[in-house]
Amino acid sequence: MILAAYVVTGFCVAGYYAGSLLRSTRYQDYKIRAMSLGIWLGVVCIPLQILSGDWAAKVVAKTQPVKLAAMEGLYDTTAGRR
Amino acid sequence: MAILALSENLLPARLQMAFTLGAHIILACFGVGFPVLMLLAEWRYRTTGEMVWKTIAMRWSKAFAVMFAIGAVTGTTLSFELGLLWPHFMGTFGSVIGLAFTLEGFAFFLEAIFIGIYLYGWDRLSSRVHWLTAFPIAISGFASAAFVITVNSWMNTPQGFRMENGRVVDVNPGRRCSIRPVVRKPFI
């Protein structure tokens with residue numbers, strides 16, 4: 001969740017400045033730097049987020065299998081269940 | 001009859017809670033992430049000495065202040081809703097989840113104090129001290145999120161207490177926070 005917050009903020013900021021660069025190249029220095037910092041934060045956190053998401057989903061599968069099934073949209077019992 | 005009344009109110013209560021949470025979580029995400037960006041931008045300003053980094057950090061601190069304010073308002077609404085919409089749950093289990101919420105409150109106060117110092121200290125504090133005031137903001141943003149997720153993971157897999165005659169006894173919040181894997185994991 002916390003990593004997700006960092007990713008969201010990083011990419012939202014980057015996206016905002018990318019859009020603003022496309023509209024006009026005034027204050028290019030400022031916009032490029034702000035965008036790059038946002039991208040860096042997102043890029044650093046994304047791999048960790050992938051690991052953490054995998055980890056969290058496995059915990060949910062173990063502790064609350066029914067909830068995981070609901071998240072995946074599996075409303076009927078399928079083959080391979082545990 | 002009581003059950004009927006309960007189920008009539010259940011859906012509106014859930015909808016209201018979902019709406020407020022949905023509004024709050026967006027702002028809360030930025031509240032956790034923006035301090036880190038400000039901190040990095042100001043660190044770049046201090047190492048490179050380029051004014052453009054200071055401009056970036058100042059702009060972001062303003063955007064962050066607005067989002068923090070709205071986030072605080074929606075967060076207050078949520079804390080009222082916990083008591084107003086789920087009085088039985090809070091009455092019974094308040095003593096179990098209370099600790100995490102209290103700590104979250106302290107983290108929030110710390111964040112609010114240092115945001116004040118950060119916003120009004122731009123040219124009044126030395127650049128090093130000003131940069132250092134960004135750390136408590138980022139850390140307590142992290143901590144607030146962590147404590148709230150602790151509450152949420154407790155709701156998913158309640159542990160660390162015993163029920164006796166419908167009352168909660170033998171509350172052990174430490175066990176709830178540290179030992180169970182389901183807390184540590186979604187946490188990050």
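Higher on the page you've got the structure.
What counts, and at which threshold
Residues numbered from 1 in each chain as written. Chains lettered and ligands numbered in written order. Predicted model: local features only at pLDDT ≥ 70, side-chain atom pairs only at ≥ 80, totals over all residues. Heavy atoms only, no water. Helix = DSSP H or I, 4+ residues; strand = E, 2+ residues; numbered from the N terminus. Buried < 20%, exposed > 50% of the residue type's maximum accessible area, 1.4 Å probe, protein only. Contact = heavy atoms within 4.5 Å. Areas by Shrake-Rupley, 256 points an atom, 1.4 Å probe, with all protein chains shown as cover. Salt bridge = Lys/Arg side-chain N within 4 Å of Asp/Glu carboxyl O. Polar contact = N/O pair within 3.5 Å; in protein donor to acceptor, adjacent residues only side chain to side chain. Nonpolar A, V, L, I, M, F, W, Y, C, P; charged D, E, K, R; others polar. Patch = residues over 30% accessible without salt bridge, like charges linked within 9 Å, V, L, I, M, F, W, Y side chains within 5 Å. Disulfide = S-S within 2.5 Å. Axes fitted to C-alpha atoms, helices over the stretch in contact; angles between N-to-C directions. Parallel < 35°, antiparallel > 145°, perpendicular 65-115°, else oblique. Left-handed = near helix turned anticlockwise from the far one by under 90°. Expected span 1.5 Å × (residues − 1). Bend = angle between axes of the 7 residues up to and from the residue.

### Some thoughts on the overall build of chain B
Then comes step 1: Counting secondary structure elements, chain B contains six helices and two strands.
Then comes step 2: Written out in order from the N terminus, the α and β elements of chain B read α-α-α-α-β-β-α-α.
Then comes step 3: Looking at chain B as a whole, 39% of its 188 residues are labelled buried.
Then comes step 4: Counted over contacts in chain B with a minimum sequence separation of 6, partners at least 24 positions apart contribute 70%.
Then comes step 5: Summed over all atoms, the accessible surface of chain B reaches about 10,300 Å², with 70% contributed by carbon and sulfur.

### So, the interface of chain B and chain A
Then comes step 1: With 28 residues of chain B at the interface, the matching set in chain A holds 24 residues.
Then comes step 2: Linking chain B with chain A are one salt bridge.
Then comes step 3: In this structure, the salt-bridge partner of Glu50 of chain B is Arg33 of chain A, at a minimum N-O distance of 2.4 Å.
Then comes step 4: Counting across the interface, chain B meets chain A through four residue pairs in polar contact (both at pLDDT 80 or more).
Then comes step 5: Where the side of chain B that touches chain A is concerned, the elements lending two or more residues are α1 (2-48), α2 (51-85), α4 (127-156) and α6 (181-187) of chain B.
Then comes step 6: Residues belonging to the side of chain B that touches chain A are distributed by class as follows: 21 nonpolar, four polar and three charged.

### Some points on a nonpolar patch on the surface
Then comes step 1: Together, Phe11, Ile39, Val43, Ile46 and Ile50 of chain A line one region of the surface with nonpolar side chains, adding up to about 410 Å² of accessible area.
Then comes step 2: The element that contributes the greatest number of residues to the nonpolar patch is helix α2 (residues 28-63) of chain A, accounting for four residues.

### Looking at the state of the cysteines
Then comes step 1: Within this structure, the stated rule accounts for zero disulfides over all chains.
Then comes step 2: In this structure Cys45 of chain A is a free cysteine whose sulfur lies 12 Å from that of Cys29 of chain B, the closest cysteine sulfur available.
Then comes step 3: With relative accessibility at 7%, the residue Cys45 of chain A sits in the buried group.

### Digging into the packing of helix α3 (residues 87-120) of chain B against α4 of chain B
Residue and element names in this part refer to chain B.
Then comes step 1: Closest axis-to-axis distance for the α3/α4 pair is 7 Å, and the angle between their directions is 165°. As summarised for this structure, α3 and α4 are arranged roughly antiparallel, according to the angle between their axes. Note that α3 runs across α4; the crossing there is left-handed.
Then comes step 2: Residue classes in the contact of α3 with α4 are distributed as 23 nonpolar, five polar and two charged.

### Focus on the side chain of Ser140 of chain B
Residues and elements named next belong to chain B.
Then comes step 1: Within the element layout of this structure, Ser140 appears in helix α4.
Then comes step 2: Ser140 sits in the buried class, given a relative accessible area of 3%.
Then comes step 3: Of the polar contacts made by the side chain of Ser140, one reaches the backbone oxygen of Pro136; its length is 2.6 Å.
Then comes step 4: A polar atom in the side chain of Ser140 sits 3.4 Å from the backbone oxygen of Ile137.
Then comes step 5: If sequence neighbours within four positions are ignored, Ser140 has contacts with Ala107, Leu110 and Glu111.

### Structural notes on α2 of chain A
Then comes step 1: In this model α2 of chain A runs 50 Å from its N-terminal to its C-terminal C-alpha over 36 residues, within 8% of the 52 Å that 1.5 Å per residue would give.
Then comes step 2: In the structure, α2 of chain A departs most strongly from a straight axis at Ile46 of chain A, where the bend amounts to approximately 30° and where the proline Pro47 of chain A lies between one and four residues downstream.

### Notes on the packing of α2 of chain B against α3 of chain B
Residues and elements named next belong to chain B.
Then comes step 1: Closest axis-to-axis distance for the α2/α3 pair is 11 Å, and the angle between their directions is 160°. Considered as vectors, α2 and α3 are oriented roughly antiparallel to each other. Between α2 and α3 lies a crossing of left-handed hand. Listed contacts from α3 to Ala57, Ser61, Phe64, Ala65, Phe68, Ala72, Leu82, Gly83, Leu84 and Leu85 of α2 are Pro87, Met90, Phe101, Phe108, Glu111, Ala112, Ile115, Tyr118 and Leu119.
Then comes step 2: In the contact of α2 with α3, the residues fall into 16 nonpolar, two polar and one charged.

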